[in-house]
Every structure is written in structure tokens, then in C-alpha cells.
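So the chains spell out like this:
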Amino acid sequence: MTTTVHGYPRIGPDRELKRACEAYWAGRCGPADLDAVGARLRRAAWEAYAAAGIDEMPSNTFSYYDHMLDTAVLFGAVPGRFGRPAEGEDRGAELDRYFAMARGARDTAPLEMTKWFDTNYHYLVPELSPHTAFRLAGGKPLAEYTQAKGLGYETRPVLVGPLTFLLLSKPAAGAPDGWSPLELLEGLLPAYAELLRVLRAAGAQGVQLDEPVLATDAGRAAVAGFERAYRELGALDDRPEITVAAYFGPVGTQVLEAFKRTGAERIALDLVSGPEAADELAAVSGLGDKALVAGVVDGRNVWRTDMRAALSRLGPLLGLAREVVVGTSCSLLHVPVDLDAETDMDPALRARLAFARQKLDEVALLGRALSDPEGAAAELERARTAPPEPEGFRNPRVRARLEALGPQAPERARGGRRGGGDAPHYLPTTTIGSFPQTEDIRKARAEHRSGAIGGEEYERRMRAEIDKVIALQEDIGLDVLVHGEPERNDMVQYFAERLGGYTTTAKGWVQSYGSRCVRPPILFGDVHRPEPITVRWTTYAQSRTDKPVKGMLTGPVTMLAWSFVRDDQPLADTARQVALALRDEVADLEREGIRHIQVDEAALRELLPLRAADRPAYLDWAVGAFRLATSGVGERTRIHTHMCYSEFGDIVGAIEALDADVASVEAARSHMELVGDLDRAGYRRGIGPGVYDIHAPRVPTADEIEAALRTALRAVDPERLWVNPDCGLKTRGYPEVEPALRNMVEAARRVRADLTG
Ligand SMILES: Nc1nc2c(c(=O)[nH]1)N[C@@H](CNc1ccc(C(=O)N[C@@H](CCC(=O)N[C@@H](CCC(=O)N[C@@H](CCC(=O)O)C(=O)O)C(=O)O)C(=O)O)cc1)CN2
Ligand SMILES: [Zn+2]
């Protein structure tokens, strides 16, 4: 039985990629140093596959920033503002253009960044127009294939497939209305064909074309384009074997039927994300003479694979394809590198986990179990032994409290609430919560962790930071202040570290975008709050000012979306447990006199199921959890919420149903169009459309913010309009933040002056 995986974490066991990229950007190392790190990281992945005994290894799963960006560059889809490659340009110039597309350059805006399906990974959105002329313009897949070959590894280059590439791209500014990048399919296929020929000529026996878009409604609807693409690529005579990889959900029988009519040899399916995939295979009477890569080891979560369940899932598939290859459900990009680094973890919990390296062993073991059941029997038995229950797994008190509350979220007390609440004037100004996480703050935290400074000294430094942030906000003239979140390493991890039922990792980093990583906590048991979490920081900040300070919490959906969550009960049940803990925190903040409380649901949109049919049920529990967290407050307390991404079309009803007083949302990049969209869709609460984009390092002028506010006022009445940036300021520096906020306050003043006459 053959085994394979879709890909491996790129960042390295110690975030070597982050350090190398950031050193390169800062001019602390050159292109050769960066490339040497890249080569080492790729080699380490192949060595890990080899050590585990994975038969078929992937290549071209590495990236300096993102694989969609790599694909755009590979096929020459580089927008003109980034310049053209000069004849004989050096590696530095090539890398600088690549990173300019990712991060922007002096006067050049980067490509837009957005979420990769329903994960916390972000990709860069290629900009295409009817004039885009694709050609094979880069050599990355070949170079990685050749590097592996030189090391003695035969690999299968992995590429983003044409359908996914086009459907995830966006029309460039100026493209005709109603034009879709999918119209470029015909022009794109020859470039793929050329690439397949080149790889074949270099010796590649197989390639993998990733088509996760097939798990979405849009991908399924494009089944004709899918069939056409793989008929055409399948018909090439000089090509490697083609594996089409669909993951993140079932693809439906139409796609499977279409696949069978193409010349592609294999399809990789995700058997973890839903049981439907196996039923669908049976419904189309199997794959005939084509092979199946059966993704039974979860590439997105950290729980050890239940071998018995995986084997019983594999059994019935064996008759449904010419050959079955055992694999992961998707790339291991989404899980941390190595569980062995977690030396301080409760052994009972660790025994339940598998990170990327451990998942390789699981795939290999499943392969052995199928080809040599007797030989693998002892090993399987060991893998099957149920580990003891970790401490904190069950909490009867939490269960009893939720039971007593009943299934309905309690209603919030209603008064004469309006969006603006008791704001001092029209267009109140505020921020989203975090202020820059400076070197000093991170250093204090590192010193505290290592024991170099004690808890009191750490608290003292954080309070000094809060003093600074409060004084700065007063000086700038903001209306609703924040404490700046200096004490938080991350908005999810911070709370997870202080809630029962959660554990955090020491080195479990996962790439979020580019060099930015997160350490998703692990929610393994019943969640409860042993003691107040934010109250003393918020009340301290409030004690330093007469202006209202907004308390800042991370909402239940986001606490789940950015964690690895137990899979032994519905997400909805787990969300209610988190919500209950937050409800107590909200009550404590209110009791201590905090009048504005923001509950961030940055990931509300992200967890939205890929298929429309599954959405109402999700929104129902997501909204219910938010209301459970927030509905305990009295009439005079203002509940705020924040969401970072602007594709709200599908969830406006849910945003209204949250029953928050104000929602701050990303709008700068959509030029405030969102405000009108929300209004037309029936949103009637306060709205704080982000008036500038905090993701870019530039300082917005007061004029442009004023213009943005005036645009917003065309769609919403002034009582409902709040003024704020589009997300937290933690990734920025004070030299940008301070003038940007001053300009924001100035812009609000100008518009307000007109409104009050
Ligand atoms: N979980 C999560 N997902 C999210 C977001 C978010 O805020 N949180 N925002 C959106 C965008 N994503 C983002 C993801 C990461 C970062 C980010 O800045 N990450 C930091 C790490 C943040 C962190 O955990 N910092 C810790 C630990 C920092 C660290 O690197 N420590 C060193 C040692 C410290 C030293 O000696 O300097 C280590 O552990 O090795 C702290 O501040 O305490 C980074 O990659 O640099 C920003 C945005 C969407 N998804
Ligand atoms: Zn945000």
C-alpha cells in the first residue's frame, strides 16, 4: 500500500523561515542567505518524509510567502505596478519584486490578502484582467524538484490547479463589469501544459494539482471548466501522471463523474472533513481505472488518528478505485511541526496528539496496516490503546450551568439603545483594541517567561505601558479609549492560557501569513474560567482617565476558529462553554464600572461553511454563543463587536442578530461600499467602518479619512457612525500609529463640525 502527504509546514521547527525573511526585509541578510535557509527547510521536510517511510513525497510545497503568490509569479501574472523583470536581473531584484507583491513597497500597494478557505492561513489574491497573458515565467517547481532529486528523493511537484487559481483571483481594477477570471481558463492551460512538459523532461513521474475550490459551491458550479481543464491537460502526451487534489470538503458526484471523463490518473479526496466523500464515491460506482488518494489523516487538527476508525474508513474504498493510496486530508501546513518539542505538556494530553511529524508516522502505519496486517498488528495495537483522560477534561459544573440555562440565549435588556449610545457627540472616535506590540513589551514577556523578571516587575512594566497608551489617546483626543492589550501575546492564546479546558504549546507555531505565525491553543476539555482575566487591566486603565475605557474580549467563535478544538462533541456545544466563561467576564467588567465592552468576532466570517446549505445551522449557533456571552449586561452598557474581513454579504442578518450596539468592520479596502451594503441588507446598529487600512505601513491623510467618512455618511445616518481604524494596531509601530490616529481624529472633527452646523 502506497503512502503520501500533501505538504509539510514551511516555517521550520523553530520558525527559521520567519527569522530569515524578516532579516532579509530588514537588510540584515542577502538573497543567498535567504535561499540557503529555504533550501535547508525543504531538505528537512524530505528527510522527515523519508524517516517516517512515506513512499511518495511532494515537492514545491515550500514558499517564501504564499503559494497563490508563487503561482501568479510562475505564470507571469504580475500587475504592472510591480515592474517587469529586467533582462539578466539578479536574484535580489527578483526577490524584492516578489516581496513587494506580498507586502507592498514605497508607493506600491501589495496584492490583497484574504483567508484561504475556512482556515487561519491567508493567501495573496492575484489580480487578473482580460489582458492578462499567461506564460511559464518562473522555474520554482522545477528547481524544487531538481533539488530533491539531487538529494536522492523522487518527488511529485504540487501546484495550485488552474480552476482554483482562477476562482480565487480577482478582477484587476478596470476589468469590465461582470468579467470573471475564469474566462482566462483557455489562455492559462497552455502555460500549465508547458510546465508539465518541463517537469516531465526533468524526470517527474507525477504532479499534483490542488483544486480545493471544488469543495465550495463556486467550484462545484464550475464543473464544466474543471472537466475541460483536465481533459486538455490529460490529453497531453508528454506529461507526468496527474493527481487532482480536492480538500476541505466533499466535491459532489458531478465533479467525480466529470473527473472520470478526464485523462487525469488520480484524485485525492478529503475523508476527514465529511463522511460524504466515501458515499459520493460509491454513488458514482467508484473511480473505474483511476486511483484514489484517500485523505484519512487530518491535516488540520492535532488529534491522534483513531486507527480503527481510519482503517474501517479505508476498507470499503479499496474496491472503488484501481488503487488506493493512503494520505493526509490536506497539507500539513495547518498544524505545528513536532509534538516532541512539547516537553512540558501533560503526558496524558500529549498522548492524544499528533503534529505534522507524528502524522507522517500515522500515514506510514496505516499503509503498513493495509499491506501487511499481521506485521503491523502489534504496532497498531499500541496506537489503539486509549490514553488516560487528561486532567480537566470534564467539568460537571459547567455542564450543569449550561443545562440550567436551556438552549435559548437569554435576551438582552432593552432600553432606548441606539448605535451611538451615550457618546459625547456624533462620530465618536475609538480604536479596535491593541496598540503596537513594541520590542520592549515582547522583551518583558520573554524575560518573564524565562524567569529573568518576576510577576510584579512584569505587571509594573505593563501598567507603565498602559499609562503611556492612555495618555497618548487623551492627547490625540479619542473618545472611547482602550488599554492597548500590551499584556496579550495573542488575542486567542492569551485567553486560552487563562481558561480551564485549554492548553497552550511552547513551540506549536503555525503560519498565518507570510512571516506571521500563531500558536493555536488546544481546546481539549470542558471550558471554564477559574478567575477574572481582563478585569484588573481594564479597571487599571479606567483609573487613569475620565474618558470611558472599552473592555476587550475575544468572542466564542474566534476562540474556536483560531484554536485546535476537541472533536468529540459538536462545535456548537463547545462554543456555549466558551460563551459562558465570557459571560462571567462581561459581568465582572460591568460590575467594575466598565461601560463599553467589545467582544471581537474576527473569525465569524472565516468559520462560515464553504457550502451555502450548511450556513444557517452554523450562524444559528455562532450568534447564539455571542448572545450568551453578551446578553447579561444592563441597558446602559454598550456592547461592541469587531470583524476584520469585509465579505459580509452572506452574514449581514447574523451581524444584526448578534444584538451588539456597534460593529467595527474592515471597509477601507472596499472604499466604504460596505456601509451601504450593510444598510441595504437591514443592519440598523452602530457601525464603525474602518476608515484606514492598518495592514499597510503608510500613514493616511486627514483628507482621505474625511472623504471616507463623507462616503459612509451617504449610506448611514450620523447617529450610527463610529470612527476607527479597520483592525488592531499591534503589528504597526508608533511612528505610523500616532500620526494616523491624529489624522483620524482631525477628519472626524471636520465632518462633525459640518453636521452640527
Ligand atoms: N490567532 C490569531 N489569528 C489571527 C490574528 C490574530 O491576531 N491572532 N489576526 C489575523 C492576522 N494574523 C496575525 C497572525 C499573527 C500575528 C503576529 O504578529 N504574530 C507574531 C507572534 C505573536 C506572539 O505570539 N507573540 C508572543 C511570542 C513572541 C515570540 O516570538 N517569542 C519568542 C521569544 C521572544 C523573544 O525572546 O524575543 C519565542 O517564543 O520564540 C509574545 O508577544 O509574547 C509573530 O509572528 O511574530 C499578527 C497577525 C488573523 N488571524
Ligand atoms: Zn481585526
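The shown structure was predicted, so the numbers you read here are calculated from the model rather than taken from an experiment.

K.L.:
What exactly am I supposed to notice about the nonpolar core here?
P.N.:
Side chains of a nonpolar character, in soluble globular proteins, are inclined to be buried together. Among the nonpolar cores identified, the biggest contains 117 residues, and Phe-134, Phe-165 and Leu-292 are the most heavily contacted of them. At 9 residues, the largest contribution of residues to this core is made by helix H7 (residues 185–201). Contact partners of Leu-292, with chain neighbours within four places excluded, come to Ile-267, Leu-269, Leu-281, Leu-287, Leu-317, Ala-321, Glu-323, Val-324 and Val-325. The next biggest cluster of nonpolar side chains, apart from the first, holds 107 residues, and it includes Leu-481, Ile-594, Leu-607 and Tyr-618.

K.L.:
When you look at the environment of Pro-275 in this model, what are you seeing that I'm missing?
P.N.:
Following the sequence through the fold, Pro-275 ends up in the loop between strand E9 (266–270) and helix H11 (276–283). Taking the C-alpha atoms as reference, Pro-275 lies 8.2 Å from Pro-250; in sequence the two are 25 residues apart.

K.L.:
Where do I start with the UniProt feature "binding site: L-methionine" (unreviewed entry) in the chain in this structure?
P.N.:
Residues given the UniProt feature "binding site: L-methionine" (unreviewed entry) here are Ile-432, Gly-433, Ser-434, Glu-485 and Asp-600. The named residues occupy 169 residues along the chain; their greatest pairwise C-alpha distance, 13.0 Å, places them in one compact cluster. In this structure, Ile-432 sits in the loop between helix H16 (396–405) and helix H17 (439–450). When neighbours within four sequence positions are excluded, Ile-432 is seen to be in contact with Glu-485, Met-552, Gln-598, His-642, Ser-664, Asn-724, Pro-725, Asp-726, Cys-727 and Gly-728. Positionally, Gly-433 belongs in the loop between H16 and H17.

K.L.:
Mind showing me how you'd approach the domain arrangement of the chain here?
P.N.:
It is common to give the size of an interface as the accessible area that goes away when the parts come together. Entries for the chain in the domain assignment read domain 1 (17–125 + 136–147) and domain 2 (423–756). One C-alpha centre belongs to domain 1, the other to domain 2; they are set 31 Å apart. Every contact between the two is made by 13 residues of domain 1 and, on the other side, 13 residues of domain 2. Between domain 1 and domain 2, roughly 1500 Å² of surface is buried when both sides are summed, and carbon and sulfur atoms account for 54% of that area.

K.L.:
Help me understand the coordination of the zinc ion (ligand 2), please; the structure alone is not making it clear to me.
P.N.:
Angles between donor atoms at a metal ideally measure 109.5 degrees for a four-coordinate tetrahedral arrangement and either 90 or 180 degrees for a six-coordinate octahedral one. Coordination of the zinc ion (ligand 2) by the protein is provided by His-642 (NE2), Cys-644 (SG) and Cys-727 (SG), with metal-donor distances spanning 2.1 to 2.2 Å. Considered as a linear motif, the donors of the zinc ion (ligand 2) on their single chain read H-x1-C-x82-C. Of this pair, Cys-644 sits in the loop between strand E19 (638–643) and helix H24 (652–657) while Cys-727 sits in the loop between helix H26 (702–713) and helix H27 (734–755); the two residues are 83 residues apart in sequence, bridging distant segments of the chain. A single burial state applies to Cys-644 and to Cys-727, both of which are buried.

K.L.:
Any chance you could explain the pairing of strand E15 (residues 522–528) here in plain terms?
P.N.:
In the case of a regular strand, side chains alternate between the two sheet surfaces. In terms of burial, E15 is largely enclosed, as 6 of its 7 residues are buried. Examined bridge by bridge, strand E12 (residues 500–503) and E15 share 3 bridges and lie antiparallel to one another. Directly across from Gly-500, in E15, lies its bridge partner His-528. For E15 and strand E17 (residues 564–565), the ladder comprises 2 bridges, and the chain directions are parallel. The partner of Leu-523 across the bridge, within E17, is Val-565.

Basis of the calculations
- Residues numbered from 1 in each chain as written.
- Chains lettered and ligands numbered in written order.
- Predicted model: local features only at pLDDT ≥ 70, side-chain atom pairs only at ≥ 80, totals over all residues.
- Heavy atoms only, no water.
- Core = buried A, V, L, I, M, F, W, Y, C linked by side-chain atoms within 4.5 Å.
- Buried < 20%, exposed > 50% of the residue type's maximum accessible area, 1.4 Å probe, protein only.
- Helix = DSSP H or I, 4+ residues; strand = E, 2+ residues; numbered from the N terminus.
- Contact = heavy atoms within 4.5 Å.
- UniProt positions renumbered as here; feature names shortened; annotations may be inferred.
- Domains from an automatic or database assignment.
- Buried area = accessible area lost by both parts, 1.4 Å probe.
- Donors = N, O, S within 2.8 Å, 3.2 Å for Na, K, Ca; no water.
- Pairing = 2+ DSSP bridges.

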